[in-house]
Amino acid sequence: MRKIIAGLFISLDGVVEAPETWHFPYFNEEMGKAVSSQMAEADTVLLGRTTYDVFAAHWPHQTGELADLLNNIPKYVVSTTLQSADWKNTTVIGDDVAARITELKQLPGENIAMTGSGTLIRFLLAHGLLDELRLLVHPIVLGAGERLFPEGTARHGLKLIRSETFTTGVLNTIYGPADQ
C-alpha cells in the first residue's frame, strides 16, 4: 500500500502558518535535499485547499525541475468548497474524504507527498491515514500564527523514526504512528 508522507516547515512554538515569511534564512542545501527527497519518493501530491490555492497561483508560471514536477504530477486537493481545479492534473476530493483517500492509497504507485495544511494532517491522523510526518523544526519562536496542533487537538501517539540536525540549527525529524 502507498504511504502518505506529509512534510512541513514548523517553528519551535509549533507555528506552520506562512513559512515563506520566516523560514528562508534557514534554507540551505541540506534542507533542499530533505525536501527534494520527499518529492522524489512520490508520484502523487495531496493538498489542502489553502495550500492548493497558493501553489496553483504560483507554480504554473514557473520553470525548472521542481516546477515541472509539480505541474505534471497528479494532484488531489481536499476541499468541500472548491468545485473545480484548473491546475493541470488536479482532482478535487470533496466528499467521503477518508474513503477516497483510502482508495488513493490502495492504487498502485509510489508514495503520496503532502505539504502544508495542518487541518488535513490532523484529519489524516484522526483517520489513521498518515504514514509519516516530516517536520523541519526551525530554531525560531514566532509567538503567533496557526499551530500544527492547536489546543483541543485529539491525542495521537507518534514514534520518532529518524532525526538529524542541519548546520542552520533546523531539526529534520521524521515521525510515524506509534503503533507501527
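Up top is the structure.
Residues numbered from 1 in each chain as written. Predicted model: local features only at pLDDT ≥ 70, side-chain atom pairs only at ≥ 80, totals over all residues. Heavy atoms only, no water.

Caption draft 1: Representation of helix α5 (residues 118-126) within the structure. Those residues of α5 not exposed but buried are Gly 118, Leu 120, Ile 121, Arg 122, Leu 124 and Leu 125. Positive phi appears at Gly 128, one or two residues downstream of α5, with a value of about 65 degrees. (Buried < 20%, exposed > 50% of the residue type's maximum accessible area, 1.4 Å probe, protein only. Helix = DSSP H or I, 4+ residues; strand = E, 2+ residues; numbered from the N terminus.)

Caption draft 2: Focus on the environment of Glu 17. For Glu 17, the position within the fold is in the loop between β1 (4-11) and α1 (29-40). In this structure the C-alpha to C-alpha distance between Glu 17 and Ala 42, which are 25 residues apart in sequence, comes to 24 Å. Discounting chain neighbours no more than four positions away, the residues touching Glu 17 are Trp 22, Gly 145 and Glu 146. (Contact = heavy atoms within 4.5 Å.)

Caption draft 3: Region of interest: the pattern of salt bridges. Taken as a whole and judged by the stated rule, the model has ten salt bridges. For the salt bridge of Arg 147 with Asp 13, the shortest nitrogen-to-oxygen distance reads 3.4 Å. Taken as a pair, Arg 147 in the loop between β6 (132-138) and β7 (158-165) and Asp 13 in the loop between β1 and α1 lie far apart in primary sequence, 134 residues in all. You can call Arg 147 partly exposed: its relative accessible area is 30%. (Salt bridge = Lys/Arg side-chain N within 4 Å of Asp/Glu carboxyl O.)

Caption draft 4: How the structure looks around the nonpolar core. Among the nonpolar cores identified, the biggest contains 24 residues, and Leu 46, Ile 101, Ile 121, Leu 124, Leu 130 and Leu 148 are the most heavily contacted of them. Elements that contribute at least two residues to this core include exactly β1, β3 (75-78), α4 (97-106), β5 (111-115), α5 and β6. Excluding its chain neighbours within four sequence positions, the residues that come into contact with Ile 121 are Ala 6, Leu 8, Met 114, Gly 116, Leu 130, Leu 133 and Leu 148. Core analysis: the next-biggest nonpolar cluster, separate from the first, contains 15 residues, Trp 59, Ala 67, Leu 70 and Trp 87 among them. (Core = buried A, V, L, I, M, F, W, Y, C linked by side-chain atoms within 4.5 Å.)

Caption draft 5: Molecular detail of the sheet that holds β3. Read from one edge to the other, the open sheet built from eight strands follows the order β4-β3-β2-β5-β1-β6-β8-β7, with strand pairing classed as mixed. Lying at the two open borders of the sheet, with one neighbouring strand each, are β4 (90-93) and β7. Averaged over all pairs of adjacent strands, the angle between their axes in this sheet comes to 25 degrees, without regard to strand direction. In terms of strand pairing, β6 meets strand β8 (residues 171-177) through five bridges, oriented antiparallel. From the neighbouring strand, Val 137 faces β8, where its bridge partner is Leu 171. (Pairing = 2+ DSSP bridges. Axes fitted to C-alpha atoms, helices over the stretch in contact; angles between N-to-C directions.)

Caption draft 6: A look at the packing of aromatic side chains. Scanning the entire structure with this criterion turns up one aromatic pair. Ring geometry for Tyr 52 versus Trp 87: centroids 6.1 Å apart, planes at 45 degrees, classification tilted. Of the two residues, Tyr 52 sits in helix α2 (residues 49-58) while Trp 87 sits in the loop between β3 and β4, which places them 35 residues apart along the sequence. Against the face of Trp 87 rests Lys 75, its NZ or CZ located 4.5 Å from the ring centre. (Phe/Tyr/Trp six-rings, centres within 6.5 Å; stacked < 30°, edge-to-face > 60°. Lys NZ or Arg CZ within 6 Å of the ring centre and 35° of its normal.)

Coordinates in, geometry out; function isn't part of it.
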